[in-house]
Amino acid sequence: MSGTDDFLEEEGAADMHCCASCGIAEVDDVELKKCGDCDLVRYCSDKCQQDHRPEHEEKCKERAAELRDEILFRQPEGTHLGDCPICCLPLNPMPTEFTLMACCSKFVCIGCEIANGVREWQSKISHACPFCRQPVPTDSEAEVNNMERAAANDPVAIREMGASHFHKEDWNAAMEFYSRAAALGDADANYKIGSHYCEGTYVEKDEEKGLYHLEEAAIAGHPDARYELAHYELFQYDDIGIRADRAVKHLIIAAKLGNDKAIQTLRHCYTTEFISKEVYAASLRAYQAAVVAMKSPNRETAAASKLYAKQHSSEEIMGELLKKFSRQEAQQLLPFPIP
């Protein structure tokens, strides 16, 4: 470090011990507080901060944007769903790969749900939640449970209340519940709000507000929010050169969380020579590692069962089960009554 750099660093450190407006030093009876939006200056009073605002505002916004980007482009440890509470493996964020249990508001992977069903069938016991072991509530009981959890400020329950109003086409109530859940840190609620405001669906279009909520969801590990931010950076700005770099960062983070769309887009970026082979290869390895981490024998069995169900009619499935099991045993494995 040069002598000039040493001097500037010492001068900056000294400035942090003095009010940026009046210059008073921090002593025993004077406590200085940092600017709430940046970490560049400190003030002895609200009046000094207000007086200094015109001079400091531009630098403050620049530094605040830098601090926001540091948080935004930090790789999350996992997705917003976290791990399955039973097998402790990362949950696959695809909606078909997990179930929200109405009794305890826990997200359980489909592999553990299938394993629980097999255990119940083998032990000839009634169906219960694989996590809390309580009987699966009826629709009316689930609604009451959700309302009680929402009253206790459970963000997942509040978000589900929003989803319920959304399906009833009560948009205002839905957005109100989503906003409450987002304020409590629910990533999926932030994602829904961000998407609606960016697209102007069911609410008046507000891109600034929408992007803020998408960023909050992305910071919490929501891979689809990451992908939408990347798409926005690529196609909604005129300064494509600068924004494309930000888009690639979003795509890499999403790919490392196991997002299929992100790795496919990165593959296209590589084939068009927009990113280097090294960047794509590193992203692909991280994507594959994330996908492998989300696999288990039970989840593979569940996936095979879903594929079989897609390829065969209910009559064919019922016929195969009746060949191997009694009528009563087969009925326990089927979601529809045997005629």
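An account of the accompanying structure is given in this report. Note that the coordinates shown come from a computational prediction; the quantities given were computed from them, not determined experimentally. (Residues numbered from 1 in each chain as written. Predicted model: local features only at pLDDT ≥ 70, side-chain atom pairs only at ≥ 80, totals over all residues. Heavy atoms only, no water.)

Quick look at the nonpolar core now. The biggest cluster of nonpolar side chains holds 15 residues, and the ones touching the most others in it are Ala150, Ile158, Met175, Tyr178, Ile193 and Tyr197. Of all the secondary-structure elements, those providing two or more residues to this core are α5 (155-167), α6 (171-183) and α7 (187-199). Ranked by residue count, the leading element in this core is α6, at six residues. Membership of the second largest hydrophobic core comes to 14 residues, among which are Ala254, Ala255, Ala262 and Ile263. (Core = buried A, V, L, I, M, F, W, Y, C linked by side-chain atoms within 4.5 Å. Buried < 20%, exposed > 50% of the residue type's maximum accessible area, 1.4 Å probe, protein only. Helix = DSSP H or I, 4+ residues; strand = E, 2+ residues; numbered from the N terminus.)

Looking at the element boundaries, Ala303 is found in helix α13 (residues 297-311). Residue classification places Ala303 among the partly exposed positions, given a relative accessible area of 36%. Each C-alpha atom, one on Ala303 and one on Thr96, is 9.7 Å from the other, the two residues being 207 residues apart in sequence.

Here we take up the side chain of Arg246. Position of Arg246 relative to the elements: it lies in helix α10 (residues 240-256). Of the polar contacts made by the side chain of Arg246, one reaches the side chain of Glu233; its length is 3.2 Å. With residues near it in sequence (within four places) discarded, Arg246 still touches Asp69, Leu72, Phe73 and Glu233. (Polar contact = N/O pair within 3.5 Å; in protein donor to acceptor, adjacent residues only side chain to side chain. Contact = heavy atoms within 4.5 Å.)

What follows concerns the pattern of salt bridges. According to the stated counting rule, one finds 18 salt bridges in the structure shown. Taking the shortest distance from any N to any O, the salt bridge between Glu70 and Arg63 comes out at 4.0 Å. What makes Glu70 partly exposed here is its relative accessible area of 45%. Here Arg68 makes a salt bridge to Glu216, at a shortest N to O gap of 2.8 Å. In this pair, Arg68 sits in helix α2 (residues 46-72) while Glu216 sits in helix α8 (residues 207-219), placing the two residues 148 residues apart along the sequence. You can call Arg68 partly exposed: its relative accessible area is 23%. Glu216 sits in the partly exposed class, given a relative accessible area of 25%. Linked through salt bridges whose partners overlap, the residues forming this network are Arg159, Glu160, Asp186, Asp188 and Lys192. (Salt bridge = Lys/Arg side-chain N within 4 Å of Asp/Glu carboxyl O.)

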